[in-house]
Each structure stands twice: as C-alpha cells, then as structure tokens.
Amino acid sequence: MDFDVARRRFLSGGAALGTLALAPGVTLFAFPAEAKPAHEATSGSVRWGLLVDITKCEPECNTCVKACKAENGWHGFDRPKTDVQWIRKVNVRDPKSGRKFSLPIMCQHCTAPTCVDVCPTGASFKRVDGVVLVDKHLCIGCRYCMMACPYKARSFVHEAIDDQKPHAPRGKGTVDACTLCVHRIDQGRIPACAEACLKDGHGAILFGDLNDPTSEIHKRVATIATTQIRADLGLDPGVRYHGI
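Caption draft 1: Geometry of the overall build of the protein. A tally of helices and strands in the protein yields seven helices and nine strands. Here the protein holds 244 residues, and 43% of them are scored as buried. Only carbon and sulfur atoms are counted for the fraction: they give 57% of the accessible area of the protein, which is about 12700 Å².

Have a look at this one:
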C-alpha cells in the first residue's frame with residue numbers, strides 16, 4: 001500500500017476514535033451555528049465557509065483572535081503582530097469617503113488555492129469539503145505558499161515549540177495557517193472564532209455549508225450583498241464578507 005495512503009487512513013481512523021469520546025446529542029448552539037454530524041465522513045458535496053458581517057465587527061474587538069490563539073496555541077514570539085497570521089484584525093479607511101471599518105482576515109479557504117498550486121511537495125492541500133490545510137510531515141519550509149497567498153494568511157514557524165496543541169501541531173521549519181478549526185468540524189462543532197463571537201453577543205461570524213440550500217449561511221449569502229476579497233483573482237474564497 002502506498003505510504004501516503006496508509007498514513008492518511010491511519011489518521012482518519014484516529015479521528016474516528018476521537019469522535020467516539022464525544023457525548024452524543026450535545027449541541028453547543030442551535031441557530032446560527034452549523035457543522036456536520038460527527039459520524040459523517042468528509043464529503044465533496046459540502047463546502048464549509050464563513051460569512052463575516054463587518055457591520056457587527058467592532059474595531060477594538062479581538063474576541064475571534066483571542067479564541068483562535070487559545071484554541072490552536074499559536075503566538076508570535078514577541079515579534080511584530082504580523083508575524084503570526086492565523087487570524088488578524090485589519091482596520092480599513094476609505095481615503096475617498098473617510099469611512100472606517102474593521103474586519104478579521106484569515107486563510108480564505110479558496111476553491112482554487114494558489115498555495116496548493118505552488119507547493120512542490122503536496123504539503124499544502126485542499127480537502128474535498130473546501131478546507132485548505134498543511135501536512136506538516138511533507139512541508140519542507142520553502143515558503144512558496146506564503147509568497148503565493150494574496151491574503152498573507154500563512155506563517156513560518158521559526159522556533160521549536162514545546163506547548164503545542166495535539167490537534168494543531170506546529171513544527172519548527174514548517175508553515176501553518178488557519179485550519180478553519182477542522183478538528184472541531186470533524187467533531188460536529190464550529191470554529192473557535194465563530195463560537196467565541198457568538199458567545200460574546202456579536203454574531204459577526206457565521207459558519208456553515210455554503211452548498212446546502214437549507215443552511216443559514218447559504219440563505220444569507222443568497223439574500224444579502226456579500227464580497228469575496230480579491231474576487232478578481234478567480235480563487236473563489238470560502239470566506240465571504242458583508243458590509244465592505
């Protein structure tokens with residue numbers, strides 16, 4: 001059996017065992033949080049994505065950033081804030097109108113991700129459900145993906161990390177980025193940023209299946225004006241923004 005195939009089967013088996021430990025019938029939130037049932041396999045009919053309503057996103061609020069950091073254990077080693085790019089808040093000002101707004105930027109989980117296209121080892125890959133990830137076993141740290149990403153959404157791990165999370169390994173000399181909390185999705189939960197924003201009472205980040213006509217995110221995208229950042233590049237990001 002091909003080594004890569006065998007390894008992926010082993011990993012998928014481990015994920016299944018982890019799922020069995022969850023208490024059945026537990027629901028974190030009803031509306032508007034959505035995720036696949038834990039017993040269901042990843043499917044190409046699903047397209048996981050986020051809808052960020054910037055009209056509900058306060059410039060001084062960093063709830064989503066803090067939640068992502070706590071969930072996935074990343075930090076910047078006391079270097080500039082731009083060193084770690086899993087998710088960051090960006091303040092924007094229109095020079096013509098003077099309008100100001102704030103929005104979170106993370107990996108956009110594109111349909112046609114440039115990071116995957118330029119990766120020489122296949123470490124950068126896209127799951128059939130649209131989640132873009134980095135296989136740390138294959139990453140050689142060339143950083144081509146970082147240069148190719150128009151959203152500056154990837155980071156390079158310079159130092160050895162002792163306190164890394166089991167579900168979010170960060171190896172020295174490799175690249176990492178937002179995983180859309182895929183470990184949560186595979187357990188039937190929602191990403192930490194969306195959960196924290198909802199708990200905090202803002203509800204600015206909506207997670208769900210963009211392909212499911214019955215999902216709240218699909219209905220919202222179909223009925224309100226949304227924007228894909230740098231839509232002109234034809235990458236079809238899975239993160240949509242309302243209010244830009």
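Additional details are given in the paragraphs that follow.
Caption draft 2: Representation of helix α6 (residues 192–199) within the structure. With six of its eight residues buried, α6 lies for the most part within the structure. All buried positions along α6 are accounted for by Ala-192, Cys-193, Ala-194, Glu-195, Ala-196 and Cys-197. Looking at the packing, one finds that the buried side of α6 touches α2 (63–72), β2 (87–93), α5 (182–185) and β8 (205–209). The first or second residue beyond α6 is Gly-201, which carries a positive phi of 90°.

Caption draft 3: Here's a closer look at the sheet that holds β8. Spatial strand order, β8-β1-β9: three strands in an open sheet with mixed pairing. Looking at which strands have only one partner, the edges of the open sheet turn out to be β8 and β9 (239–242). Recorded for the sheet is a direction-independent mean angle of 20° between the axes of neighbouring strands. Two strands pair when backbone bridges link them, and strand β1 (residues 48–53) and β9 are joined in this way by four bridges, in the parallel orientation. By the bridge assignment for β9, Leu-50 is matched with Val-239. Packing of helix α7 (residues 216–223) onto the sheet brings it into contact with β1, β8 and β9, and relative to β8 it is tilted by some 110°.

Caption draft 4: Here's a closer look at the confidence of the model for the protein. On average, residues of the protein score 84 in pLDDT, and 79% of them are at 70 or above. With pLDDT under 50 throughout, residues 1–33 is counted as low confidence; its partners more than four residues away or in other chains account for 22 contacts.

Caption draft 5: Quick look at the pattern of salt bridges. According to the stated counting rule, one finds 10 salt bridges in the structure shown. In this structure, the salt-bridge partner of Arg-184 is Glu-71, at a minimum N-O distance of 3.2 Å. Separated by 113 residues along the polypeptide, Arg-184 in helix α5 and Glu-71 in helix α2 bring together distant segments of the chain. Note on accessibility: Arg-184 and Glu-71 belong to one class, buried. We note a salt bridge from Glu-195 to Lys-199, for which the minimum N-O separation is 3.7 Å. You can see Glu-195 and its partner Lys-199 sitting in helix α6, four residues apart, about one turn around the helix. Take Lys-199: its relative accessible area is 60%, and that puts it in the exposed class.

Caption draft 6: How the structure looks around the pairing of β1. Within β1, six of the six residues are buried, which leaves it mostly tucked inside the rest of the structure. Because side chains alternate across β1, one face comprises the buried residues Trp-48, Leu-50 and Val-52, and the other comprises Gly-49, Leu-51 and Asp-53, equally buried. Across five bridges, β1 lies against β8 in antiparallel orientation. Note that in β8 the partner of Leu-50 across the bridge is Phe-207.

Caption draft 7: Examining a nonpolar patch on the surface more closely. Where nonpolar side chains cluster on the molecular surface, the patch consists of Val-118, Tyr-144 and Met-147 and spans about 320 Å² of accessible area. Here Val-118 lies in helix α3 (residues 114–118).

About the thresholds
Residues numbered from 1 in each chain as written. Predicted model: local features only at pLDDT ≥ 70, side-chain atom pairs only at ≥ 80, totals over all residues. Heavy atoms only, no water. Helix = DSSP H or I, 4+ residues; strand = E, 2+ residues; numbered from the N terminus. Buried < 20%, exposed > 50% of the residue type's maximum accessible area, 1.4 Å probe, protein only. Areas by Shrake-Rupley, 256 points an atom, 1.4 Å probe, with all protein chains shown as cover. Contact = heavy atoms within 4.5 Å. Pairing = 2+ DSSP bridges. Axes fitted to C-alpha atoms, helices over the stretch in contact; angles between N-to-C directions. pLDDT = per-residue confidence, 0-100. Salt bridge = Lys/Arg side-chain N within 4 Å of Asp/Glu carboxyl O. Patch = residues over 30% accessible without salt bridge, like charges linked within 9 Å, V, L, I, M, F, W, Y side chains within 5 Å.

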